[in-house]
Amino acid sequence: MKITPSLVKVATALLDAPKERHWGYRLSVDSGVRSGVLYPILGRMMDEGWLTDGWEDPSEANGRPPRRYYEITDTGLRELGAAQSRFLASQARVGATSPNRQGWR
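Model, not experiment: these values are computed from the prediction. (Residues numbered from 1 in each chain as written. Predicted model: local features only at pLDDT ≥ 70, side-chain atom pairs only at ≥ 80, totals over all residues. Heavy atoms only, no water.)

## So, the environment of Thr75
Stated precisely, the cut-off is as follows: Helix and strand definitions follow DSSP, with helices as H or I runs of at least four residues and strands as E runs of at least two, each counted in order from the N terminus. In what follows, a contact means two residues having at least one pair of non-hydrogen atoms within 4.5 Å.
By secondary structure assignment, the location of Thr75 is in helix 4 (residues 74-97). The sequence separation of Thr75 and Trp50 amounts to 25 residues, and the corresponding C-alpha distance is 5.6 Å. Residues contacting Thr75, with those up to four places away along its chain left out, are Gly49 and Trp50.

Below is the structure:
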């Protein structure tokens, strides 16, 4: 999977609470990645086996439609951490040679 700044932002949001269920809207807010970019990233992560998904129990929904959630797999925990580390290392190398680095933007 291509490691992009947006993927790393989503990975960081997921890794902030690795054992929790993650809701799409909350991931969008926490990562700063808009939904049109977020959901394709989540789909690719699921294809890679990094995440699983499920639906909130209707009894927990309090009258609203149940929400879809995402959970990190053991493989995902390993791979997301590795992707985050590789990206940050590559940004450090770029920053050492380029004063105009855009970083996370």
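Still more to cover.
## Quick word on helix 3 (residues 35-47)
Spelled out, the test is: The span you would expect from a helix comes to 1.5 Å times its residue count less one.
An ideal rise of 1.5 Å per residue puts 18 Å on 13 residues; helix 3 measures up with 18 Å between its terminal C-alpha atoms. Phi for Gly49, located one or two positions after helix 3, is positive at around 85°.

## Brief notes about the packing of aromatic side chains
The condition is simple: Put simply, two rings from Phe, Tyr or Trp (the six-membered ring, in Trp's case) pair if the centres are within 6.5 Å, and we call them stacked under 30 degrees between planes, edge-to-face over 60, tilted for the rest. Here, a charge over a ring means that NZ of Lys or CZ of Arg falls within 6 Å of the ring centre while also lying within 35 degrees of the ring normal.
Scanning the model with the defined rule gives 1 aromatic pair in all. Their ring planes at 85° and their centres at 5.8 Å tell us that Trp23 and Tyr69 sit as a pair that is edge-to-face. Of this pair, Trp23 sits in strand 1 (residues 22-23) while Tyr69 sits in strand 3 (residues 68-72), and the two are 46 residues apart along the sequence. A cation over a ring is seen here: Arg21 above Tyr69, with NZ or CZ 4.0 Å from the ring centre. The ring of Trp23 is capped by Arg67, whose NZ or CZ atom sits 3.9 Å from the centre of that ring.

Interpretation note: all reported values are geometric properties and have no functional meaning in isolation.
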